[in-house]
Amino acid sequence: MTRLIFLGPPGAGKGTQAQTLAAFLQIPHISTGDILRQAIQEKTDLGKKAQSFMDQGELVPDKLVEDMVEERLKKSDAQTGWILDGFPRKVTQAEFLAKLLNSLGQGGEQVVNLDAPDETVITRLLGRGRKDDTEEVIRRRLEVYRDDTAPLINYYSDRQKLLTVNGNQSQEEVFTDLKNIIAG
Ligand code: ADP
């Protein structure tokens, strides 16, 4: 049973790698960013509440994403493993997740930290052209990453759950490293 959490700065290639690995392992790829963008497109209540935060590179309030993740992890396809991409993004969310997994009996999760230097992630994000990939919003997302999300590296390392992969290589090389590291 594979349960993986992907950590890393925006632009490290988390989304691509998480999606590829999930397809390879035949488990769901659960991306909170994708779910939120879908909700915005469909103009749901969740989408309306999340939009202004996302446009500015701020984190969406915990309760919104936490409810979303809880609902998703309870679905039947998530009972045979999953890859979480974009959640948790701060320590409060990690604490929420630990309790949730405990109550769902879904333990044994590992965390992959996909690391890449600032120059690499900025170049990649500017080339991507998503709505929140303007220079100003990217700068803010990197700040939020540094202040709120990067502390999760120590959080998970202290709990012996952290695996690190160098994201500053080709997609193929990252994928090879990923497969090796999760195989233990
Ligand atoms: P990236 O990996 O490029 O930062 P994501 O698709 O993971 O992009 O996230 C895009 C945006 O969605 C974030 O900037 C944030 O506003 C919102 N978001 C996604 N996941 C979370 C989360 N766990 N908590 C709060 N906001 C989130």
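Residues numbered from 1 in each chain as written. Predicted model: local features only at pLDDT ≥ 70, side-chain atom pairs only at ≥ 80, totals over all residues. Heavy atoms only, no water.

A few words on the packing of helix H4 (residues 62–73) against helix H5 (residues 91–104). H5 packs onto H4 with a crossing angle of 25° between their chain directions and a minimal axis gap of 11 Å. Between H4 and H5, the crossing angle belongs to the class labelled roughly parallel. H5 is crossed by H4, and the crossing has right-handed handedness. Contacts between H4 and H5 involve Asp62, Val65, Glu66, Val69, Glu70 and Leu73 on the former and, on the latter, Thr92, Gln93, Phe96, Leu97, Leu100, Leu101 and Leu104. Looking at the contact of H4 with H5 residue by residue, the classes come out as eight nonpolar, two polar and three charged. (Axes fitted to C-alpha atoms, helices over the stretch in contact; angles between N-to-C directions. Helix = DSSP H or I, 4+ residues; strand = E, 2+ residues; numbered from the N terminus. Parallel < 35°, antiparallel > 145°, perpendicular 65-115°, else oblique. Left-handed = near helix turned anticlockwise from the far one by under 90°. Contact = heavy atoms within 4.5 Å. Nonpolar A, V, L, I, M, F, W, Y, C, P; charged D, E, K, R; others polar.)

In this section: the pairing of strand S4 (residues 110–115). Pairing of strand S1 (residues 2–7) with S4, which is carried by four bridges, proceeds in the parallel orientation. Pairing of Ile5 across the sheet is with Val111, part of S4. Examined bridge by bridge, S4 and strand S5 (residues 162–166) share five bridges and lie parallel to one another. Looking across to S5, one finds that Val111 is bridged to Leu162. (Pairing = 2+ DSSP bridges.)

A word on the environment of Leu64. With respect to the helices, strands and loops of the structure, Leu64 is situated in helix H4. Once you skip the residues sitting within four places of it in the chain, Leu64 turns out to touch Leu46 and Lys49.

Here helix H7 (residues 135–149) spans 20 Å end to end across 15 residues, near enough to the 21 Å set by a 1.5 Å rise per residue. For H7, the full list of buried residues reads Val137, Ile138, Arg141, Leu142, Val144, Tyr145 and Thr149. One side of H7 carries all its buried residues, which in axial view fall inside an arc of 160°. Away from its buried face, by an angle of more than 90 degrees, H7 presents the exposed residues Glu135, Glu136 and Arg146. (Expected span 1.5 Å × (residues − 1). Buried < 20%, exposed > 50% of the residue type's maximum accessible area, 1.4 Å probe, protein only. Arc of directions from axis to C-beta.)

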